Structures are given as structure tokens and as C-alpha cells.
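Examination of the molecular architecture
The primary structure of each chain is shown beneath.
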Amino acid sequence: MTDRTFYLTTPIYYVNARPHLGHAYTSIMADAMCRYRRAAGDRVYFLTGTDEHGDRIAQEAAKAGVNPKAYADEISAAFRETWLQLGLSNDDFIRTTEPRHQKIVREILQKLYDAGEIYFGEYGGWYCYGCERFYTEKEIVEGKCPDHQTALTFIKEKNYFFKMSKYQDWLIKHLEDHPGFIQPERYRNEVLGFLREPLHDLSISRPKSRLEWGIPLPFDDQYVTYVWFDALINYYSAVTEPDEPKTRGLWEHVQHLIGKDILKPHGVYWPTMLKAAGLPLYKRLHVHGYWTIDGQKMSKSLGNVVEPVPMQEKYGEAFRYFLLREPVFGLDSDFSEAALVRRFNADLANDLGNLVSRVTTMIVTFAGGQVPKPNEEFGDEERALETRSLRVLREVDKAMEEFAFQRALSEVWLFLGVVNRYVDLSQPWALAKRSESRRRLDTVLYTLGESLRFVGILLEAFLPDTAHKIRTAIGQTAEPRLTDARWGGLKPGTSVQKISALFPRIEVSVSDEVKLSESVKAELSSPKIPIDDFMKVELRVAEVLAAERVPKSKKLLKLTVKVGDETRTVVAGIAEQYEPEPLVGRKVVIVANLQPATLMGVESNGMVLAASHVGTVALLTLGKDVPPGSKVT
Ligand code: MSP
């Protein structure tokens, strides 16, 4: 990474609804990215906030019987509180009702007006109050808003317009010259797609007679500023205080993270506004997909929201981990609590939690709680870990450059896999039994301690609390810095403390700790697989040509079977229930595309299907005669 200043924003969230998992997703990603860049040694500034003007909020406030400001105060506080509870590290929280913001919006409007970039005119079109924007005929789906699936309203009125159309060619060229300006690529293409249609001027005001809840135009007090024109400017107004050293020089480095629902305002309106105002453009726009529930976007209007704070209370940092680990950046992902529990158990309880507990316990038990000095020359296994650590650093860095959190975490988990295998192979508990292997034991324990130190730094971005616990257990008190994630940095003699239950496994049968609903339990007990997974299994009819017992085995029979034109050997665990001879000539069903496995010295090429019930085993047979090799579906 070359650029050492990093200013990242999330969208400012509308205060018409309380924070849900979708908002938390964006904010958590931004937090992970900022923590990562801080650990990389960059100057980082992380901004989030709330978008408080506009029709939608005025309408919700009216419904609740309060004035818009009181309504906005309450929900804005709920966002702030949620981010605090999720442990987010934002440097600022901006509200569009704050004077510092309103002042800048008015200044920019005046500047554009004076420069002839804004004119007075009339426009009629289909408007979505949910999105606070007009939709073109092409964008409308079955007469409805494509995002909210609600009816649109035809609005015709006199308003002020920003001459956006004149920037169409400039913006196309900018996108063509700067391939990374909007990423992932598909969203850059989507914006280029919008720009193939004629770009209209943008109506940037609303008559006060219709809407009072907004920033008055500086040049006509009968109008207020259109909410998008007001909202986008927050990114700039938050960092323009001239006497504030914390924010000085940040603007040129700004990058935005948004969901795909607000691509057009960020990919089209915003760069043209900045260009017209003579301000530097943002450096990059990062666009993520939706969380869906059973394939539907999560949103208040669809009534399927998941609240982040209860999730965090129930699952701790595993909630954050799941949001970062599951989706491919830019694509949609379906949320399910059962999938979260599965990840909790497999990745966090097993791969990470067990490792941390095993290693710290072994250093405490076998080395008196102090990192031993490695005595031997490091062998191939130790060098492999070191090489691996370099690869993880490189790959995580590449992934983070693209906001590919899922890839970054897969890399870290590959590394954990290698460390777990290292424990199994080097067997420190066996080394501890013999005094002659003491030297080897010290080397192994040192290497394992070093692996934890490394992971404790690397996980800071993704699991900050857990990473902190790991670093503390392994005696690391310094701020996590990626430059310290260099192999061999652990000092012999460092005190180590045991941590045994970072992520206690969630057992479905005895889930008193975490209250799982009956539906989540049911899903966990019989996980559903997609049809594609099932289609990978090739089931075929096979005719038994010969059968014999596998020597020295009570359970196994060796069957020679014919599958189509081919003859192969399959070992089946049915010897306690079936004599070999009567099987000859029978037709059974086998899994034909299993990788070969050797059982008691016999190579088996497939598996015979049989049902079992309390000690009874029943071979699957056919209701009608079909030739061997026939497919079973
Ligand atoms: N106020 C505007 C943004 C103005 S930015 C200058 C707005 N607010 S919003 O409250 O509707 O938040 C939209 C953002 O919340 C999305 O862009 C995305 O970051 C996040 N998400 C809301 N629902 C989401 C999902 N179901 N899934 C993923 N992210 C979601 O638009």
C-alpha cells in the first residue's frame, strides 16, 4: 500500500428506521478496514453518521406524532449507541442537522449558483419517497420502485436544477481512465451503463410549501435542499473545519463504502457535484451487496429485519466474524442464524479457540508459563510456518486492497489450519514425556507461541476483542502493528497465560447458554444442502459378481461388482449382517464417484448403500430389474 492517509466513510443512515443488520454490515466492514489500515501504520480517519432531512423522515415523524428534530434525535442516538455496543472505532459521527454541515451545504450551493451551475425550471417525473429520487421509465419495474417494490408518485413542480447533464462525457471519460474508481468492476460497469442513457439535470430543491424539513437554499428561502444534495456533502463537511488538525488534509484521500442500493447517487450525482464545485473527487468507491433473508433484501419496509445488538449479545464477536467471513464483497448473501452457529463452531470454537487453548495450556503446563528459548535449528516444519506467515501477510494485504474480507479471512484460516496440523504432527504432549526431547519441545512451544502472537496481530481488524485477548495471553502489550507480524519476534521468557474458552462450542442439544430458537435448532440438526451438492454424488446400480470376507475383519466384506462395463472392488461394512455367498448375483446401489479408500489393506472404489436401524442393516435393493450401471437419481 503506497498511500499512507486513509479517510473512509460509510453512508449516513436515514433516521426513519432503527439500525439493522444491513447497516451494521457496512459499518463493521468499514471498522475492520480502518483497524487494518491503522495496524498497517496509516493515518486513518473513519466517518459515519445519520441523514436526517427529507420527506421520508418528516412523514415518519408525523406518524409518530413528534416533530422531525425530536424524531431524528432519538433514532440518531440509537445508531450511535449501536455502533458503541458493536465496538466500532469511528473517529466522528456526523448528523446533517448539525450547523457545521448545514453551513457547508449552503456555501457549496451558493458557489454553484454563482457559477451558473444551478438554474430554475420545471420537471415532472415518477418519484420514490423511499429512495428520495425520481426514476426513469427504463428503471421502473411493473410501475413500481425496483428497490422498495412500492408505487411511485408522479410529481410535477418548479424547482432548482443542477446542470448535471453537461458532465456526462467528462464522467464517462473519468471512469474509463480510472478503472479502480468504482469497485468491484461490475458496479463500474453498471454506472457506465447508466451513462449510456442521456443524463438529465438534477432537481436539487423542494418547495417549502410541500416540505419544510430541510436546509433552506441560500438564494431562495421558499425552497429547501433536496436530501441527496444535502446528504452527500456530509463526507466533505465533516473534514473542513479549518482549525482542526485531526481532519486537515484528509479530503484528497477520501474513499467511500456503500451498499449497491445507493450506487447512482454516489457514482453519478456525487462526482459531478464535486467536479462542478471545483473540489477533488473521491479516490475510490467500494460497493457491497445486500444481506437477504430467504432471498429478499432486508429492510424495514419488507418487515424482515435482524437487529444487530441482540445478535452481538448472543454470539459476541462471532456475529462480526460471520458478516465479514460469509459474503463475497459486492455480491448478496443470505443471512441465517443456523449458518452463523455453524461458522461459530467450526471456525471459532474449533480452529481458533481450540488452538489458542491448546497452545497456552501447553506453554503453561510444559514450560512453566514462559515462552521457552528455541534450542534446535528450526526444521522444515518450522520453516514452512514462517513461509506461510509471509504468504498470509501478502495475501491478506491484497485482499484488503479490494475490500475482500472473505478472502482475507480464508487466508488467515488456512494459516490456522497449518498451525493446527503442526500441533498434531509435532505432538508436544509426547515430547514432554521424555527428557531427551526437551530441546525439541522448547522449539515446538516457541513456534506455537509465535504463531499465536502472529495471529493476535493479524486478527485485530476482524476480531478486535478476541485478538486483544490472544495478544494479552501471550504477553503482548504493544498496539498491534503489522510490521511486528514478522516471524521470530516473540521474546523467549515472555509470560503466557492460559485461555481456555474463547468461543465455547454451541451444542444444539444442551444450548442453555445461547438460546437457540426451535427453528434454528431444527436447521442445525439437519442441515439442508443445495441440489447442486447432491448432484455431485453419482449413484449407480451395481451387480455383485463375487463376495468374500476381508481377512481379520469382523465387519467388512470385499465385493467385486459390475457397474456398466466396468468391474471394481467395493468394501462394505455389512459382514455382521450378510453372509457373502448369497449376495452374488444381487443388484445393489453404490456411490460410484467416491475417492478410493483403503480399508484393512483392501482398496475400495465406491460405497454400498444400506439403511440402518438399531443394529439392523438393510441393503438397498431395486424394485424392478435394471442393468448394472444404471443411474440412480
Ligand atoms: N441516507 C442514505 C445514504 C446517504 S449517504 C450520503 C441511505 N440511508 S439508509 O439508511 O437507507 O442506508 C443505506 C445503506 O445501509 C446501504 O447503502 C447499505 O450500506 C446499508 N444497508 C441497508 N440495508 C442493507 C442490506 N439489506 N444489506 C446490506 N446493506 C444494507 O440510503
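Residues numbered from 1 in each chain as written. Predicted model: local features only at pLDDT ≥ 70, side-chain atom pairs only at ≥ 80, totals over all residues. Heavy atoms only, no water.

**Some details on the sheet that holds strand β16 (residues 333–334)**
Rule in force here: Any two strands with at least two DSSP bridges between them are considered paired. Secondary structure is summarised from DSSP: a helix means a run of H or I of at least four residues, a strand means a run of E of at least two, and numbering begins at the N terminus for each.
Here we have three strands laid out as an open sheet, ordered β15-β14-β16, and mixed in their pairing. In this open sheet, the two strands that pair with only one neighbour each are β15 (296–297) and β16.

**Overview of unusual backbone geometry**
The cut-off we apply is this: Think of it in three bands: residues with accessible area under 20% of the maximum for their type are buried, residues over 50% are exposed, and the middle band is partly exposed, with areas taken using a 1.4 Å probe on protein chains only.
In this chain, Gln 183 is followed by Pro 184 through a cis amide linkage whose omega measures -5°. Following the sequence through the fold, Pro 184 ends up in the loop between β7 (182–183) and α6 (185–194). Here the phi dihedral of Glu 132 falls at roughly 55°; this positive angle occurs in a residue that is not glycine. Mapped onto the fold, Glu 132 is located in the loop between β4 (118–128) and β5 (133–135). Notably, Phe 403 is not glycine yet its phi reads approximately 60°, a positive angle. Residue placement: Phe 403 occurs in the loop between α13 (380–401) and α14 (405–426). Given a relative accessible area of 1%, Phe 403 falls into the buried group.

**A closer look at the site of the ligand**
For clarity, the cut-off: Think of it this way: one heavy atom of a residue within 4 Å of a molecule or strand is enough to make that residue near it. Any pair of nitrogen or oxygen atoms within 3.5 Å is treated as a polar contact; in protein, a donor-acceptor pairing is required on top of that, and neighbouring residues in sequence qualify only through side-chain atoms on both sides. Areas reported as accessible are Shrake-Rupley estimates using a 1.4 Å probe. Residue values count occlusion only from the protein chains shown. In this count, Pro and Cys sit with the nonpolar residues alongside Ala, Val, Leu, Ile, Met, Phe, Trp and Tyr, while Asp, Glu, Lys and Arg are called charged and the others, Gly among them, polar.
In the vicinity of the ligand, 25 residues are found, and the nearest of them are Ile 12, Thr 26, Asp 51, Asp 261 and Trp 291. Here a nitrogen atom of the ligand and a backbone polar atom of Ile 12 are 2.8 Å apart. In the environment of the ligand, a nitrogen atom lies 3.1 Å from a nitrogen or oxygen atom belonging to the backbone of Met 298. Compared with its free state, where it exposes 670 Å², the ligand has 96% of that area covered by protein. For the shell around the ligand, the secondary-structure elements that each account for two or more residues are β1 (5–14), α1 (21–39), α7 (227–232) and α8 (234–237). Along the lines of polarity and charge, the residues of the shell around the ligand split into 13 nonpolar, nine polar and three charged.

**Digging into a nonpolar patch on the surface**
Applied cut-off: Every patch collects residues that have over 30% relative accessible area and no salt bridge, joining them within 9 Å if they carry like charges and within 5 Å if they are nonpolar side chains (Val, Leu, Ile, Met, Phe, Trp, Tyr). Salt bridges are defined by distance alone: a side-chain nitrogen of Lys or Arg within 4 Å of a carboxyl oxygen of Asp or Glu.
The grouping of Ile 529, Ile 531, Phe 534 and Met 535 at the surface amounts to a nonpolar patch, some 430 Å² of accessible area in total. Mapping Ile 531 onto the fold places it in helix α19 (residues 531–535). With relative accessibility at 58%, the residue Ile 531 sits in the exposed group.

**With respect to the packing of helix α10 (residues 308–315) against helix α11 (residues 317–325)**
The condition is simple: To define axes, lines are fitted to C-alpha atoms, for helices over the stretch in contact only, and angles between the resulting N-to-C directions are given on a 0 to 180 degree scale. Residues are treated as being in contact if the distance between any of their heavy atoms lies within 4.5 Å.
With their axes 6 Å apart at the nearest point, α10 and α11 run at an angle of 115° to one another. On the side of α10, the interface is formed by Pro 308, Met 311, Gln 312 and Tyr 315, while α11 contributes Glu 317, Ala 318 and Phe 319. Among the residues making up the contact of α10 with α11, the classes are represented as five nonpolar, one polar and one charged.

**A word on the sheet that holds strand β10 (residues 216–217)**
The three strands are arranged β9-β11-β10 in an open sheet whose pairing can be described as antiparallel. With one partner strand each, in any of the chains shown, β9 (205–207) and β10 form the two edges of the open sheet. As paired strands, β9 and strand β11 (residues 220–225) are joined by three bridges and run antiparallel to one another. Within β11, the position partnered with Pro 207 by the bridge is Tyr 223.

**With respect to the pattern of salt bridges**
Applying the stated criterion to the full structure yields 44 salt bridges. Residue Lys 166 pairs with Glu 117 through a salt bridge whose shortest N-O separation is 2.9 Å. One end of the pair, Lys 166, is in the loop between β6 (153–162) and α5 (168–177); the other, Glu 117, is in the loop between α4 (99–114) and β4, and 49 residues separate them in sequence. The partner of Glu 157 in a salt bridge is Arg 210, with the nearest N and O atoms 2.9 Å apart. Pair noted here: Glu 157 is in strand β6 and Arg 210 is in the loop between β9 and β10, with a separation of 53 residues, a long-range link. Note on Glu 157: relative accessible area 13%, which makes it buried. It is possible to trace a salt-bridge network through shared partners that takes in Asp 31, Arg 35, Arg 320, Glu 460 and Arg 471.

**Quick notes on the packing of aromatic side chains**
Heads up, the condition is: Stacked, edge-to-face and tilted are the three classes for Phe, Tyr and Trp ring pairs, Trp counted by its six-membered ring, which pair at centre distances within 6.5 Å; planes under 30 degrees apart are stacked, over 60 edge-to-face, the rest tilted. In this scheme, the term charge over a ring applies when either NZ of a lysine or CZ of an arginine sits within 6 Å of the ring centre and within 35 degrees of the ring normal.
Applying the stated criterion to the full structure yields 37 aromatic pairs. For the pair Tyr 113 and Tyr 160, a centre-to-centre distance of 6.4 Å together with 75° between the ring planes defines the contact as edge-to-face. Taken together, the positions of Tyr 113 in helix α4 and Tyr 160 in strand β6 put the pair 47 residues apart, joining distant regions of the chain. When its relative accessible area of 7% is taken as the criterion, Tyr 160 is described as buried. Taking the centre distance of 4.9 Å and the plane angle of 80° together, the rings of Tyr 123 and Phe 134 count as edge-to-face. Highlighted residues: Tyr 123 in strand β4 and Phe 134 in strand β5, separated in sequence by eleven residues. Judged by relative accessible area, Phe 134 falls into the buried class, the value being 18%. Cluster of aromatic residues (ring-pair linked, three or more members): Tyr 7, Tyr 45, Tyr 235, Tyr 236, Trp 251 and Trp 270. The ring of Tyr 290 carries the charged tip of Lys 260 above its face, separated from the ring centre by 4.6 Å.

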